[in-house]
Amino acid sequence: MVDVIPTALPGVLEIVTPRFGDDRGIFSETWNAAAFAEAGIDTAFVQDNFSRSAKGVLRGLHYQVEPIAQAKLVRVGRGAIFDVAVDIRRSSPTFGRWTGIELSAARWNQLFVPAGFAHGFIAVEDDTEVQYKVSAPYSAAHDRAIAADDPAIGIDWPLAPSEWSRSAKDVAAPLLAQAEIFA
Ligand SMILES: Cc1cn([C@H]2C[C@H](O)[C@@H](COP(=O)(O)OP(=O)(O)O[C@H]3O[C@@H](C)C(=O)[C@@H](O)[C@H]3O)O2)c(=O)[nH]c1=O
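Just so you know, the residues in each chain are numbered from 1, in the order the chain's sequence is written. The predicted origin of the model limits local features to residues at a pLDDT of at least 70 and limits the giving and counting of side-chain atom pairs to 80 or more, whereas totals for whole chains, interfaces and linings rest on all residues.

> What exactly am I supposed to notice about the pairing of strand β12 (residues 128-134) here?
Looking along a regular strand, one sees the side chains alternate between the two faces of the sheet. Buried residues are those with 20 or more other C-beta atoms within 10 Å of their own C-beta, exposed residues have 12 or fewer, and partly exposed residues lie in between; C-beta atoms are placed from the backbone. Comment: elements are numbered from the N terminus, with helices defined as DSSP H or I runs of at least four residues and strands as E runs of at least two. With respect to burial, β12 is a largely interior element, 5 of its 7 residues being buried. Sheet analysis places strand β7 (residues 72-78) next to β12, joined by 6 bridges and oriented antiparallel. Directly across from Arg78, in β12, lies its bridge partner Glu129. DSSP-based pairing: two strands are paired if at least 2 bridges between them are found.

If you want it as structure tokens, here you go:
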């Protein structure tokens, strides 16, 4: 059975799927539509993404605006990340709040990030491989970023900014207060 662990933000869920080990290695259903629906994640995913990052690479905070907003289901196949979701729905009681957990191959956990949240992660090991499903296709025209170091959000990243490596787009990202977000 899929194990669902609530986080500090309602709607953002940590998931652990059963893992079967034998003398060959391990097996696990990392996504099963019926089992996840039973666990409360009734999302139609349309695209699978993969990224590899060196330690200190910080990607985010990212989201797509309506009508192509994305829910995401994030897991790590190798290495480890600190994975973060920020509620960017203005009318939400948890607007502007963040939650973060370590996702790793060793822990075998995943993070479900609903639409309406910005998402980002930092790799805390070299050669970290992240795989994630998204519920709407990529659209460069709807893709947005918010500064990972916005003091109004105050994310407690596990590595210091001097150790971060970010894309030019992420370094130039606006603060939450200036960003185009969700109602
Ligand atoms: C996200 C994405 C990027 N691309 C292209 C655009 C660009 O040339 C190249 C790298 O894109 P980015 O710099 O946006 O990649 P990256 O910084 O890894 O972006 C990702 O960050 C994490 C935190 C998320 O939550 C994802 O949704 C996504 O925004 O890949 C696609 O073709 N499809 C996609 O779905």
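> What's the story with the nonpolar core in this structure? I'm lost.
Soluble globular proteins tend to pack their nonpolar side chains together in the buried interior. The biggest cluster of nonpolar side chains holds 41 residues, and the ones touching the most others in it are Ile81, Val86, Phe112, Val113, Phe117 and Ile122. For this core, the elements supplying multiple residues, two or more each, are β2 (13-16), β6 (58-64), β7, β8 (80-87), β9 (98-104), β10 (109-113), β11 (117-123) and β12. Among the elements that take part in this core, β8 stands out by supplying 6 residues, more than any other. Placing C-beta atoms from the backbone, we regard two residues as in contact once those atoms come within 7 Å. Here Val113 is in contact with Val12, Ala71, Lys72, Val74, Ala85 and His119, once residues within four sequence places are set aside. Take the buried Ala, Val, Leu, Ile, Met, Phe, Trp, Tyr and Cys residues, join any whose C-beta atoms are within 7 Å, and the set you get is a nonpolar core.

> What's the story with the sheet that holds strand β13 (residues 143-145) in this structure? I'm lost.
By way of backbone hydrogen bonds, the strands of a sheet pair with one another, either parallel or antiparallel. Read across the sheet, 5 strands follow the order β9-β8-β11-β6-β13 without closing on themselves; strand pairing throughout is antiparallel. Of all strands in the sheet, those with a lone pairing partner are β9 and β13, marking the two edges. When the angles between neighbouring strand axes are averaged without regard to direction, this sheet yields 25°. By the bridge criterion, 3 bridges tie β6 to β13 in an arrangement that is antiparallel. Paired with Tyr63 across the strands is Arg144, a residue of β13. To get an axis, a line is fitted to the C-alpha atoms, and for a helix only the part in contact is used. The angle between two axes follows their N-to-C directions and goes from 0 to 180 degrees.

> Help me out: how do you make sense of the environment of Ser167 in this one?
Relative to the assigned elements, Ser167 resides in the loop between β13 and α2 (168-171). The spatial distance from the C-alpha of Ser167 to the C-alpha of Val57 is 8.9 Å, given a sequence separation of 110 residues.

> Whenever I open this one, the sheet that holds β12 confuses me. Can you help?
Read across the open sheet, the 6 strands follow the order β1-β2-β10-β7-β12-β5; overall the sheet is antiparallel. Taken across any chain shown, the strands that pair with only one partner, and hence form the sheet edges, are β1 (3-6) and β5 (47-53). Sheet twist, expressed as the average angle between the axes of neighbouring strands with direction ignored, equals 25°. By the bridge criterion, 7 bridges tie β5 to β12 in an arrangement that is antiparallel. Bridged to Ser53 within β12 is Thr128.

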